[in-house]
Amino acid sequence: MTATVADGRALEALVASREILVVCGPGGVGKTSVAASIAAMAACHEGGRVLVLTVDPARRLAQALGLASASGRAQRVPPEAFAEAGAAPHGELWAEMLDTKQSWDRLVRRHAPDPHTARRILDNPLYQNISGRFVQSHDYIAVERLHELHSEGNYDLIVVDTPPTRNAVDFLLAPQRMAEFFSSRLLRLLTVPYRSRFVDVAAKPFYYVADRVLGSQFLEDIAEFFILFQTLSDGFVARAREVERLLSDRRTSFLVVSTLETVPVREAEAFMAMLPAKRLQLGGVVLNKVLPSYLMQPHLGERAERLCDEAAVLAARMCADGGPMADHDPVIVERVLAELGANFNNIAVVARREAGQRTELARHAAIMASVPELDDDVHDLAGVLRLGRHVWSGGAQ
Amino acid sequence: MGDLLDRRLLFVTGKGGVGKTTISAGLAMLAAARGKRTLVCEVDAKGDLASSFEAPPTRFDESQVAPNLWAMSMDSEASLRQYLSLQLRLPRAAGIGLVARMFDFVASAAPGVREIVTVGKLCWEVRERHYDLVVVDAVASGHIVGQLAAPQAINSLVQVGLVRQQTGWMLDILSDPARTGALIVSTPEEMPVTETIELVGRLRSETTVDLAGVVVNRVLPELFGTREEQAFEALSGGEATAFLSRAMGGDAVPLLDAARLMVRTRRSRAEHLERLRDALGGPAGAVVPLLYVPYLFLRSHGMRSTRQVAAALAAELES
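One numbering rule holds for all chains: residues counted from 1, following each sequence as written. For this description, chains carry letters from A and ligands carry numbers from 1, given in the order in which they are written. Confidence filtering applies because this is a predicted model: local features only for residues at pLDDT of at least 70, side-chain atom pairs given and counted only at 80 or more, and all residues used for totals across whole chains, interfaces and linings. As a rule here, side-chain values come from all non-hydrogen atoms in the structure, and water together with hydrogens is ignored.

## Regarding the overall build of chain B
Line of reasoning, step 1. Within chain B, the regular secondary structure consists of 13 helices and eight strands.
Line of reasoning, step 2. Residue burial is assigned from relative accessible area. The probe radius is 1.4 Å, only protein chains are included, and a residue is buried under 20% of its type maximum, exposed over 50%, and partly exposed in between. Residues classed as buried in chain B amount to 61% of the 319 residues present.
Line of reasoning, step 3. In chain B, of all internal contacts separated by at least 6 residues, the share reaching a separation of at least 24 is 73%.
Line of reasoning, step 4. Here chain B has roughly 12100 Å² of accessible surface; of this, 50% comes from carbon and sulfur atoms. Helix numbers and strand numbers start at the N terminus; a helix is a DSSP run of H or I with at least 4 residues, a strand a run of E with at least 2. Contacts were defined at the residue level, with two residues in contact if any of their heavy atoms lie within 4.5 Å. Residue exposure ignores everything except the shown protein chains as possible cover, and the areas themselves are Shrake-Rupley values with a 1.4 Å probe.

## Examining the overall build of chain A
Line of reasoning, step 1. Tallying secondary structure elements over chain A gives 18 helices and eight strands in all.
Line of reasoning, step 2. Expressed as a percentage of the 397 residues in chain A, the buried residues total 55%.
Line of reasoning, step 3. Sequence-distant contacts in chain A: of pairs separated by 6 or more residues, those separated by 24 or more amount to 79%.
Line of reasoning, step 4. For chain A, the accessible area works out to roughly 16300 Å², and carbon and sulfur atoms hold 50% of it.

## Describing the sheet that holds strand β2 (residues 49-54) of chain A
All names here are of chain A.
Line of reasoning, step 1. Strand order in the open sheet made by the eight strands is β3-β4-β2-β5-β1-β6-β7-β8, with mixed pairing throughout. Here the strands that pair on one side only, and so sit at the sheet edges, are β3 (75-76) and β8 (367-372).
Line of reasoning, step 2. Strands pair, by our definition, only if DSSP identifies at least two bridges between them. Pairing of β3 with strand β4 (residues 92-97), which is carried by two bridges, proceeds in the antiparallel orientation. Bridged to Q75 within β4 is A95.
Line of reasoning, step 3. Simply put, an axis is a line fit to the C-alpha atoms, just over the touching stretch for a helix, and the angle between two N-to-C directions goes from 0 to 180 degrees. Here helix α17 (residues 330-362) sits on the sheet and contacts β7 (282-290) and β8; the angle it forms with β7, its principal contact strand, is near 170°.

## Digging into the sheet that holds strand β5 (residues 133-137) of chain B
Strand pairing within a sheet occurs via backbone hydrogen bonds; the two strands may be parallel or antiparallel.
Residue and element names in this part refer to chain B.
Line of reasoning, step 1. Here we have eight strands laid out as an open sheet, ordered β3-β4-β2-β5-β1-β6-β7-β8, and mixed in their pairing. On the outer flanks of this sheet lie β3 (63-66) and β8 (290-294), each paired with one strand and no other. Between one strand and the next, the sheet's axes are offset by a mean angle of 25°, whatever the strand orientation.
Line of reasoning, step 2. Of the strand pairs in this sheet, strand β2 (residues 38-42) and β5 are connected by five bridges, and their pairing is parallel.

## What to know about the nonpolar core
Line of reasoning, step 1. Grouped together as the largest cluster of nonpolar side chains are 59 residues, with contacts concentrated most on A:W104, A:Y140, A:F254 and A:L361.
Line of reasoning, step 2. With near-sequence residues (within four places) excluded, A:Y140 lies in contact with A:W104, A:L107, A:A174, A:P175, A:M178, A:F236, A:R239 and A:A240.
Line of reasoning, step 3. Listed in part, the 48 residues of the second largest apolar core include B:C41, B:V134, B:L203 and B:V214. For our purposes a nonpolar core is just a set of buried Ala, Val, Leu, Ile, Met, Phe, Trp, Tyr and Cys residues, chained together by side-chain atoms within 4.5 Å.

## Quick look at the packing of aromatic side chains
Line of reasoning, step 1. A pair of aromatic rings is counted whenever rings of Phe, Tyr or Trp (Trp by its six-membered ring) have centres within 6.5 Å, and the orientation is called stacked for planes under 30 degrees apart, edge-to-face for over 60 and tilted otherwise. Following the criterion strictly, the structure yields four aromatic pairs over all chains and no others.
Line of reasoning, step 2. Between A:W94 and A:Y155 the ring centres are 6.2 Å apart and the planes differ by 70°, which places this aromatic pair in the edge-to-face class. Within this pair, whereas A:W94 is found in strand β4, its partner A:Y155 is found in the loop between α8 (137-152) and β5 (157-161), the two being separated by 61 residues in sequence.
Line of reasoning, step 3. Assessed through its relative accessible area of 17%, A:W94 is described here as buried.
Line of reasoning, step 4. According to the relative accessible area criterion, A:Y155 is buried, its value standing at 15%.
Line of reasoning, step 5. Seen from their ring centres, B:Y295 and B:F297 are 4.9 Å apart, and the 50° between their planes marks the pair as tilted.

## Some details on helix α6 (residues 141-148) of chain B
Line of reasoning, step 1. Most of α6(B) sits out of view: six of its eight residues are buried.
Line of reasoning, step 2. Buried within α6(B) we find B:S141, B:H143, B:I144, B:V145, B:Q147 and B:L148.

## A word on the pattern of salt bridges
Line of reasoning, step 1. Criterion for a salt bridge: a side-chain nitrogen of Lys or Arg within 4 Å of a carboxyl oxygen of Asp or Glu. Summed over all chains, the structure comprises 34 salt bridges over all chains.
Line of reasoning, step 2. Residues A:E19 and A:R251 are paired through a salt bridge, measuring 3.7 Å at the closest nitrogen-oxygen approach. Pair noted here: A:E19 is in the loop between α1 (9-16) and β1 (20-24) and A:R251 is in the loop between α13 (233-248) and β6 (252-258), with a separation of 232 residues, a long-range link.
Line of reasoning, step 3. Its relative accessible area of 35% is what places A:R251 among the partly exposed residues.
Line of reasoning, step 4. With its nearest N and O atoms 2.8 Å apart, the salt bridge here joins B:D210 to B:R7. Of this pair, B:D210 sits in the loop between α9 (190-206) and β7 (211-219) while B:R7 sits in the segment before β1 (9-14), and the two are 203 residues apart along the sequence.
Line of reasoning, step 5. Residue classification places B:R7 among the buried residues on the basis of a relative accessible area of 8%.
Line of reasoning, step 6. Residues joined by salt bridges that share partners form a network here, namely A:E96, A:R106, A:R110, A:E144, A:R145, A:E148 and A:R239.

## A look at the environment of A:E84
Line of reasoning, step 1. If you trace the backbone, A:E84 turns up in helix α4 (residues 79-84).
Line of reasoning, step 2. Taking C-alpha positions, A:E84 is 8.7 Å from A:L381, a pair spaced 297 residues apart along the chain.

## Some points on the pairing of β4(A)
For a regular strand, side-chain orientation follows a simple rule: the groups alternate between the two sheet faces.
Residues and elements named next belong to chain A.
Line of reasoning, step 1. Here β4 lies mainly inside the structure; five of its six residues are buried.
Line of reasoning, step 2. Bridge count for β2 against β4 is six bridges, and the pairing is parallel. Across the sheet, residue R49 finds its bridge partner in β4, namely E92.

## A look at the packing of helix α10 (residues 226-235) of chain B against helix α12 (residues 253-281) of chain B
Residue and element names in this part refer to chain B.
Line of reasoning, step 1. The geometry of α10 relative to α12 is characterised by a closest axis approach of 11 Å and an angle of 135° between their N-to-C directions. On the basis of their axis angle, the class for α10 and α12 is oblique. Remark: the crossing between α10 and α12 carries left-handed chirality. Here E229, F232, E233 and L235 of α10 come into contact with α12, specifically with L256, A259, R260, V263 and R267.
Line of reasoning, step 2. The residue classification treats Ala, Val, Leu, Ile, Met, Phe, Trp, Tyr, Cys and Pro as nonpolar and Asp, Glu, Lys and Arg as charged. All others, Gly included, are polar. Taken together, the residues of the contact of α10 with α12 sort by class into five nonpolar, no polar and four charged. Should an angle fall under 35 degrees it is called roughly parallel, over 145 degrees roughly antiparallel, and 65 to 115 degrees roughly perpendicular, with every other angle called oblique. Crossing handedness: left-handed means the near helix sits turned counterclockwise from the far one by under a right angle, and right-handed means the same turn made clockwise.

## Notes on the side chain of B:T241
Residue and element names in this part refer to chain B.
Line of reasoning, step 1. In this structure, T241 sits in helix α11 (residues 238-248).
Line of reasoning, step 2. With a relative accessible area of 8%, T241 lands in the buried category.
Line of reasoning, step 3. Pairs of N or O atoms are called polar contacts if they sit within 3.5 Å, as long as, within protein, a hydrogen donor faces a hydrogen acceptor (for residues adjacent in sequence, only side-chain-to-side-chain pairs). Within the local environment of T241, its side chain forms a polar contact with the backbone nitrogen of G237, the two atoms lying 2.5 Å apart.
Line of reasoning, step 4. With residues near it in sequence (within four places) discarded, T241 still touches L235, S236, A252, V253 and L256.

## Overview of the pairing of β6(A)
Residue and element names in this part refer to chain A.
Line of reasoning, step 1. Counting buried positions over the seven residues of β6 gives seven, a clear majority of the element.
Line of reasoning, step 2. Neither face of β6 is open: one carries T252, F254, V256 and S258, the other S253, L255 and V257, and all of them are buried.
Line of reasoning, step 3. Taken together, the five bridges between β1 and β6 define a ladder with parallel strand orientation. When the bridges of β6 are listed, L21 appears paired with S253.
Line of reasoning, step 4. Direction of pairing for β6 relative to β7: parallel, over a ladder of five bridges.

## Things to note about the confidence of the model for chain A
Caution applies to low-pLDDT regions: their predicted coordinates should not be interpreted in detail.
Residue and element names in this part refer to chain A.
Line of reasoning, step 1. The predictor rates its confidence in each residue with pLDDT, a number between 0 and 100. Mean pLDDT for chain A: 84, with 83% of residues reaching 70 or above.
Line of reasoning, step 2. Within chain A, the lowest mean pLDDT, 66, falls on helix α7 (residues 125-132), and the highest, 96, falls on helix α16 (residues 311-319).
Line of reasoning, step 3. pLDDT under 50 marks residues 1-5. Its contacts with residues more than four places away, or in other chains, come to 13 contacts.

Shown next, in the form of structure tokens:
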């Protein structure tokens, strides 16, 4: 294998030298658990105040971190909980579940020219849809909240679990999209007062079609909303630029989590390929739910074939008088032996496929850890730490 | 379960990473093999659908990927363009491009606008009877409710205009269980099962779309029965393992470990499967059909895996 597998200290070194670690990756790979476990290990080994900022954790994981609901406030994981899980961190672990609606409201209050405008925006039905239901708003609000937390300076390290976007890239593009949104020609067209629209001859067909498609009342509602929203423009654009700068800062690293299934690997690769152009730093890759490496030992396939082919003979010998399985039914033993061989051949196909995917991923970044599929999903602090030990040590090598 | 493929429009959803695309492709291939003119549409254009058929990248204009089977990828802008030229009969010069961009822009703020164009195109294919069956490789569980509930959302936000006029017939198609159904894909793991159970509730309370079933994907094989399990335990360790290693001319432990890994993983997943069954069993009459698709031990993802999924689904639909 040509894959560069970083030693177990690589992640530790990365974590110790950064202020922000953004954990990204395709859906369903265990990003949130990995982010929580890295934060917990950092609190245990590096000390200081460590925060894990998460968007939508599994309920049991949230409980493991002591988060009852999306409160939009950081809460400390109590030292007693660590003691119960058999750990004594030098540092503090804090956790916060992002409250999208609350964060949007705060942003509006901050950037609105006056409280009256702020109120009108907050009460607008379209705004309520943006902040509450519009899913992509997670992306922007997560980076925005990260900026806020970082500039408050209360934490030595912030580990961000990125939102479950359709595509990991959306998260990176969120600040830029927000800035573009405010400077677009379309926004200007829509916010032209209704009557003066018919003055602009060039834009007339636009209004004609827009009216027919959406209805003029809805267009008016939209226009009103955008006119109000435009008052936030300067603050938002400036803020979006700052957020972009923070993400490309030397103190920030991106960590990609993936399994070795074909589809997540492809998505992770596409994501990593985008980072350099955006001047974002790729810290490394954490592989989750991978098969153990012993499956790749040489000659095992031949042994598995022999088991399949010679199951009957072997079973008969083992179950004969004086054999190690003398008190067992040779028919059953034969079936078990054949199944052992067949099962190994099955798993080995997957293990070899995974090895190939690992090589592909290693072209982009150092593999910092390979974590095996654990028996249980993480549902308490002990589970977070157990996963953390795998991640920290480089995992199942 | 036999009537699943007799519907006209199937939305395949589920948590990210559970194999929605693979299941959509397998289902579409099965329908096509049974003589139904089938369209399969990837809504989250990641390009995985094309690789399921080893076909060139799908585009908005459908392309044939197998006998009776066409594939396309959704593009809300192209969909709107098609819609406008069909419905408004506007000359191209009237700025359809600009309107499409405006639409995209408004869709960033107004809920349901982008979704209505997506769902509208799919319903339109059904209404115009271009296909016997449209299989939608839909968005993930977090977004599907918003998409399927879009016609109602639009109804409450937009009072007049073409978009409003369109929602009526779309709702007729979406709300008709004989024509439309949602299929949730899950795997026997904690998070996918939890999301599936939540989604079942939300689909029922927030949309009018009928839940056609739940597909449990990547079910691991059961290696041993009780008696085999006892023999397996006796084989592990001690004299029996040493005997095996000698007989095979090399260490037998990794082979035993591999079996143990499989048995253990299957067992921990069985608990989640149990939870899913319990949640879906529910009160009489509300039972949701479950279809099981085995884990495929294959080298790669492509036509071969799609065929195997289709065969597994066929077996489940017959039972």
